[in-house]
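Inside the fold
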Amino acid sequence: GVTAGAVLALCAWIRRALEAGKGGGALLGGRVRVRKLYNHGSGFGLLPLDARAMAPLSLTALWALLRTGGSGLGTGLVLGGGLSNLWERLRRGRVLDYLQFPRAPGVFRRYTYNLADLAILAGAVLLVLRRRKRP
């Protein structure tokens, strides 16, 4: 609850600031670049669907996560990030991506992300690690 709400609020705040023309440029000695990019399709362009057509798929994934009885930080991060991207898809027909990592290894430097994407990734890693610890 609290984690998901915090991710949603922070994503909305960053999105409003960037759309108002605030922010941008290089951070952390060029390791991170902030650049607005509107994604009208699926994550990483993996599916040939527009942003609104992705909404049912996103809802199904979030519903499945809740059905597994997940709780804790990992679930909160995945839900918050997923709901943030879903809200943008439904409301605007696109998702605002803005973080690039030009010095990241391999394919990671090729893509532009947003905070919601990073929350989903971190949450998924936590959920996998938690499942591995179970007997």
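The notes below deal with the structure included here. Bear in mind the structure is a predicted one, so any value in this text is a computation, not a measurement. (Residues numbered from 1 in each chain as written. Predicted model: local features only at pLDDT ≥ 70, side-chain atom pairs only at ≥ 80, totals over all residues. Heavy atoms only, no water.)

Concerning the pairing of strand 3 (residues 95-100)
Put simply, the test is: Each residue is assigned to one of three classes by its accessible area relative to the maximum for its type, calculated with a 1.4 Å probe on protein chains only: buried under 20%, partly exposed between the two thresholds, exposed over 50%. Each helix is a run of DSSP H or I of at least 4 residues and each strand a run of E of at least 2, with the numbering of both proceeding from the N terminus. Strands were regarded as paired on the criterion that DSSP finds at least two bridges between them.
Of all 6 residues in strand 3, 6 are buried, a share of seventy percent or more. Judged from the 5 bridges that link them, strand 2 (residues 32-39) and strand 3 form a sheet pairing that is antiparallel. By the bridge assignment, Arg33 is partnered in strand 3 with Gln100. Of the strand pairs in this sheet, strand 3 and strand 4 (residues 112-113) are connected by 2 bridges, and their pairing is antiparallel. Of the residues in strand 4, the one forming a bridge with Gln100 is Thr112.

Observations regarding the pairing of strand 2
Taken together, the 3 bridges between strand 1 (residues 25-27) and strand 2 define a ladder with antiparallel strand orientation. For Leu27, the partnering residue across the bridge sits in strand 2 and is Val32. Counted along the chain from strand 1 to the antiparallel partner strand 2, the turn is 4 residues long, and its residue Leu28 has a positive phi close to 50°.

What to know about helix 1 (residues 2-19)
This is how it is decided: Every helix has an expected span of 1.5 Å times one less than the residues it contains. The arc in question is formed by the directions pointing from the helix axis toward the C-beta atoms.
When the terminal C-alpha atoms of helix 1 are compared, their 26 Å separation across 18 residues agrees well with the 26 Å that a helix rising 1.5 Å per residue should span. Ala4, Val7, Cys11, Ala12, Ile14, Arg15 and Leu18 are the residues of helix 1 that are buried. One side of helix 1 holds all its buried residues, which, seen down the axis, span an arc of 165°. Exposed residues pointing more than 90 degrees away from the buried face of helix 1 are listed as Val2, Trp13 and Arg16.

Digging into a nonpolar patch on the surface
The condition is simple: Within the patch definition used here, like charges are joined within 9 Å and nonpolar side chains (Val, Leu, Ile, Met, Phe, Trp, Tyr) within 5 Å, considering only residues with over 30% relative accessible area and no salt bridge. Only the protein chains shown count as cover for residues, and all accessible areas are computed by the Shrake-Rupley method using a 1.4 Å probe. For salt bridges, the criterion is a side-chain nitrogen of Lys or Arg within 4 Å of an Asp or Glu carboxyl oxygen.
Taken together, Leu73, Leu121, Val125, Leu126 and Leu129 make up a surface patch of nonpolar side chains, about 430 Å² in accessible area. Counting residues per element, the nonpolar patch draws most heavily on helix 4 (residues 115-133), at 4 residues. Residue placement: Leu73 occurs in helix 3 (residues 73-92). We classify Leu73 as partly exposed; its relative accessible area is 48%.

Describing the pattern of salt bridges
Under the counting rule described, the total for this entry stands at 1 salt bridge. Across the pair Glu88 and Arg15 runs a salt bridge, and its minimum N-O distance is 2.9 Å. Taken together, the positions of Glu88 in helix 3 and Arg15 in helix 1 put the pair 73 residues apart, joining distant regions of the chain. One exposure class covers both Glu88 and Arg15, and it is buried.

Here we look at the sheet that holds strand 2
Quick note on the threshold: We call two residues in contact when some of their heavy atoms are within 4.5 Å. Every angle, taken between N-to-C directions, lies between 0 and 180 degrees, and every axis is a line fitted to C-alpha atoms, over only the stretch in contact when it is a helix.
Read from one edge of the open sheet, 4 strands run 1-2-3-4, paired in antiparallel fashion. Looking at the sheet topology across the chains shown, the edges are occupied by strand 1 and strand 4. In this fold helix 1 packs onto strand 2 and strand 3, with an angle of close to 85° to the strand it touches most, strand 3.

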